2 protein chains.
Amino acid sequence: MYTVKKILSNIKDFDGKEVKVLGWTSSLRGNKKIKFLELNDGSTVYNLQVVLKSESVDLEVVDKTRDGAAISIVGIIKHTPNSKQIAELQAIEFKLLKNTDEDFPIQKKEISMEVLREIPHLRHRTKLIKSVMLIRSTLALEIHNFFSKHNFLYVSSPIITSNDGEGAGETFIVDSESVKDFFGKKATLGVTGQLHAEAYAIGFNKVYTFGPTFRAENSHTKKHAAEFWMVEPEVAFYELKDIIKLADHMLKTVIKKTLEVNKLEFDFLEESIDSKLREKLSNFVNKKISIIDYKDAIEELKKVKTDFEEQNIHFGLDLATEHEKYLAEKLFQGPVAVINYPKEFKAFYMHQNDDGKTVSAFDLLVPGIGELIGGSQREVRHEKLLSRIKELSISEEELKWYLDLRRFGDAGSSGFGLGFERLVMYVTGIDNIRDAIPFPRTPNNLKM
Amino acid sequence: MYTVKKILSNIKDFDGKEVKVLGWTSSLRGNKKIKFLELNDGSTVYNLQVVLKSESVDLEVVDKTRDGAAISIVGIIKHTPNSKQIAELQAIEFKLLKNTDEDFPIQKKEISMEVLREIPHLRHRTKLIKSVMLIRSTLALEIHNFFSKHNFLYVSSPIITSNDGEGAGETFIVDSESVKDFFGKKATLGVTGQLHAEAYAIGFNKVYTFGPTFRAENSHTKKHAAEFWMVEPEVAFYELKDIIKLADHMLKTVIKKTLEVNKLEFDFLEESIDSKLREKLSNFVNKKISIIDYKDAIEELKKVKTDFEEQNIHFGLDLATEHEKYLAEKLFQGPVAVINYPKEFKAFYMHQNDDGKTVSAFDLLVPGIGELIGGSQREVRHEKLLSRIKELSISEEELKWYLDLRRFGDAGSSGFGLGFERLVMYVTGIDNIRDAIPFPRTPNNLKM
């Protein structure tokens, strides 16, 4: 048995060969003598065209086949380089393994993304969501490959945790349904795996997490979900410039590989969403990352402040998406890392710069999406970290273990967080996070 | 900069070469003229022996270096094939980057596993936990590699869910701390990703999940944790025999690769835990899996019933670990899949056999640990599935979406669940799940 992807990728070898394919129908047309059926087997978004003739198979059975039905076909592959489809399968044997009921909602007619979000268990059977999920899977695997190749330890940071990493952001509370106070203390769903990853970076040097994280923000934007996956590498002995380099290298490698692996899906996305998708991604892959100091970015933004809704551009401004987009899309026309942000709107654990005002943080901004990655060099000086924790009235007791890392051979580390669904959005061109994850969770929305 | 693992794996190339290594001290001895220091950089459990002489480096600085201190060394690698250590680093430059405070708990003296569990942020700096976590990381990556190579789609099943997959087992409840009823309905942490994976198998054919799952069982055994990672493949068109073959193939491939990648860690584990660890794993890899019908297994157990605590061996008995161990360790002396269990103690979604009594399920039992994997062919007949759901008084409304899959082109699928920490335990030889995951969560135990 072969996958459609395998056949198409080696079409010359398969020309004239008998194969068996299993999959699902996505369209059927024709007459009593000959029928054309599109088969999708999930290996790619591309449908294999099947030609069924009355002299070979029973077309009455074929005729009963509705969209979405499971079918099995044995036939001969024919390479057709001069027609629209590069291959067809000339059926010898046709089996209708399981039909769909007539109310199967994924039909040929166009369905809105909103309606599809109501049926997350079925929507991946559309070409668009199928393409997105195939690319999502490749991105995830290529991220693992990248870190594996560069000798990172994959760490499972805990999901249920007793401290919230950012010292900010709404959290979800967890408890057993039957045994109250199951853990003997307040338990929340982790908003980040970073602090735990930091503990592991000391001793393992290079580590990363890749797991689900949670925010209970009552937010209904296209960019926010209550449950999303984060990639968080942490490297001992790294400083800010090293971790920016890693972020850039990782993104470029992963995107480049995904462009190769999912060629057919990008073909489809360019037809249906953004005809310049590959051009955008190739620019990203080929362009050297720019780096700009936050204070210089502020000066640049001042020059064009009338372009923005928020025109009060000053040192201390927490950049809005419109400002971020200007920097990436207009000023640099490519990825740009903004560094050395004012400490006020950054987390407590970031390395405090000598100016007393800024921290060694960076946000990686990309055209079309704004912030894709945020990271920093960590504050490794025990007394500096402690004073910042006190300044922000974060519980010192809860973070005693984290502070202790600084007493036990921590010579510094740096790391970043990549919102995985943001990457999926950026790479596929879709504009809503609800379509970048199989079963999205948002306020008042918990399907299945 | 090179890792110790890289240097050791290519020791002949590195002989005589100048290198820089970064890592942590794990032992220091010697006199005023010469000192020997063991450096670990986290790439392997193996410590690189560093020789420091007073004519090359300032031994007074070296002398201040406590266990766990971060250090940087430039030196010449010397291949020493005839001594206990196969290599040493002759230091030219030594830098103490960050010392440890004197109360650093990981010292040379032996610390019990119980005490180490109190300091999960530091315990990976022991050789044992370091070895386990290095192997854990390899196992995870090799699992991804296996599925990727065999064209599986990696699916993120949701963590927060509105239904509990098994129709059994205690669940954790989730809600926002500030906005009550955040999702507009009861939300729990998923006990399995299987049902969602099934939805994706129809359309994608071969899928797998690899993510955290949760049980709120008030259990204090060595085998149970409240949070653990599961690997759950699901394949459309597969029957029971196919999925058993997949489980066997996956385990053998992953274990074989891990034995190659983590050679030095297995050396250490054989020295410290189980001198026959590799022999056990090689047997597993090389031995053909056995398959026995549950009813035949019962007959076999009856023959030796006086060996067991539970001696009431009869059709309908839910096998205890002692019975499972007998089958794997004594009777088959290797992995064995027990199939066709009575439906009473298996989940509602399993394919009902024609005898009306059993379901097409399997448990994969392995020597030393008992059940490692459980799986089944799924019930694809809508009416059979529905009647079982009613029989067990499971909410039909909650599972409407799952029932609907059977109406929309589901020609059958099979899958299994592998408790990832069980695999880590089996492969490393450790006997407590708390030591198989970085930050274990159990009742009344939530550190960090």
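The name given to chain A in an unreviewed UniProt entry is Asparagine--tRNA ligase, and the organism recorded there is Mesomycoplasma molare. Reading the Catalytic activity (unreviewed entry) entry of the UniProt record for chain A gives the comment "tRNA(Asn) + L-asparagine + ATP = L-asparaginyl-tRNA(Asn) + AMP + diphosphate + H(+)". Quoted verbatim from the Subcellular location (unreviewed entry) field of the UniProt record, the comment on chain A reads "Cytoplasm".

Student: Please explain helix α5 (residues 127–149) of chain B as it appears in this structure.
Tutor: Since the α-helix advances by 3.6 residues per turn, residues separated by three or four positions end up pointing in the same direction. All names here are of chain B. Relative to the 33 Å expected for 23 residues at 1.5 Å per residue, α5 spans 32 Å between its end C-alpha atoms, a close match to the ideal helical length. Of all 23 residues that make up α5, 19 are buried, and the element is covered over most of its length. Immediately downstream of α5, the backbone of asparagine 151 shows phi near 65°, a positive value.

Student: Which parts of the structure should I look at to understand the domain arrangement of chain A?
Tutor: Bring the parts together and some accessible area is lost; that lost area is often taken as the interface size. Residue and element names in this part refer to chain A. Considered domain by domain, chain A is made up of domain 1 (4–104) and domain 2 (123–435). A separation of 43 Å is found between the C-alpha centroids of domain 1 and domain 2. For the pairing of domain 1 and domain 2, the buried interface totals around 800 Å² over both sides, and the portion due to carbon and sulfur atoms is 60%. Joining domain 1 to domain 2, the criterion identifies 0 salt bridges. In the side of domain 1 that touches domain 2, the residues fall into 5 nonpolar, 6 polar and 1 charged.

Student: Would you explain the sheet that holds strand β12 (residues 290–293) of chain A in this entry?
Tutor: Across a sheet, paired strands are connected by hydrogen bonds in the backbone, their directions being either parallel or antiparallel. All names here are of chain A. In space, the 8 strands of this open sheet follow the order β6-β10-β11-β16-β15-β14-β13-β12, with mixed pairing throughout. Of all strands in the sheet, those bounded by a partner on one side alone are β6 (153–154) and β12. With 4 bridges connecting them, β12 and strand β13 (residues 336–342) associate as parallel partners. Of the residues in β13, the one forming a bridge with serine 290 is valine 336. The strands that helix α5 (residues 127–149) touches are β6, β10 (206–214), β11 (227–236) and β16 (413–419); relative to β10, the one it contacts most, it runs at about 150°. Contacting β13, β14 (358–366) and β15 (370–377), helix α11 (residues 321–331) crosses the sheet at an angle of about 65° to β14.

Student: I tried to follow the interface of chain B and chain A on my own but got confused; where do I start?
Tutor: Residue-level contacts link 105 residues of chain B with 104 residues of chain A. Surface buried jointly by chain B and chain A totals about 8,400 Å² across both partners, of which 64% is contributed by carbon and sulfur atoms. Taken as a group, Phe182, Phe408 and Leu446 of chain B account for 9% of the area that chain B buries against chain A, more than any other trio of residues on that side. At the boundary of chain B with chain A, the tally comes to 6 salt bridges. At the junction of chain B and chain A, the tally comes to 47 residue pairs in polar contact (both at pLDDT 80 or more). With 11 residues, α5 of chain B is the largest single contributor of residues to the side of chain B that touches chain A. Among the residues forming the side of chain B that touches chain A, the class breakdown is 53 nonpolar, 32 polar and 20 charged. Two strands pair when backbone bridges link them, and strand β8 (residues 172–176) of chain A and strand β8 (residues 172–176) of chain B are joined in this way by 5 bridges, in the antiparallel orientation. Pairing of valine 174 of chain A across the sheet is with valine 174 of chain B, part of β8 of chain B.

Calculation rules
Residues numbered from 1 in each chain as written. Chains lettered and ligands numbered in written order. Predicted model: local features only at pLDDT ≥ 70, side-chain atom pairs only at ≥ 80, totals over all residues. Heavy atoms only, no water. UniProt positions renumbered as here; feature names shortened; annotations may be inferred. Helix = DSSP H or I, 4+ residues; strand = E, 2+ residues; numbered from the N terminus. Expected span 1.5 Å × (residues − 1). Buried < 20%, exposed > 50% of the residue type's maximum accessible area, 1.4 Å probe, protein only. Domains from an automatic or database assignment. Buried area = accessible area lost by both parts, 1.4 Å probe. Salt bridge = Lys/Arg side-chain N within 4 Å of Asp/Glu carboxyl O. Nonpolar A, V, L, I, M, F, W, Y, C, P; charged D, E, K, R; others polar. Pairing = 2+ DSSP bridges. Contact = heavy atoms within 4.5 Å. Axes fitted to C-alpha atoms, helices over the stretch in contact; angles between N-to-C directions. Polar contact = N/O pair within 3.5 Å; in protein donor to acceptor, adjacent residues only side chain to side chain.

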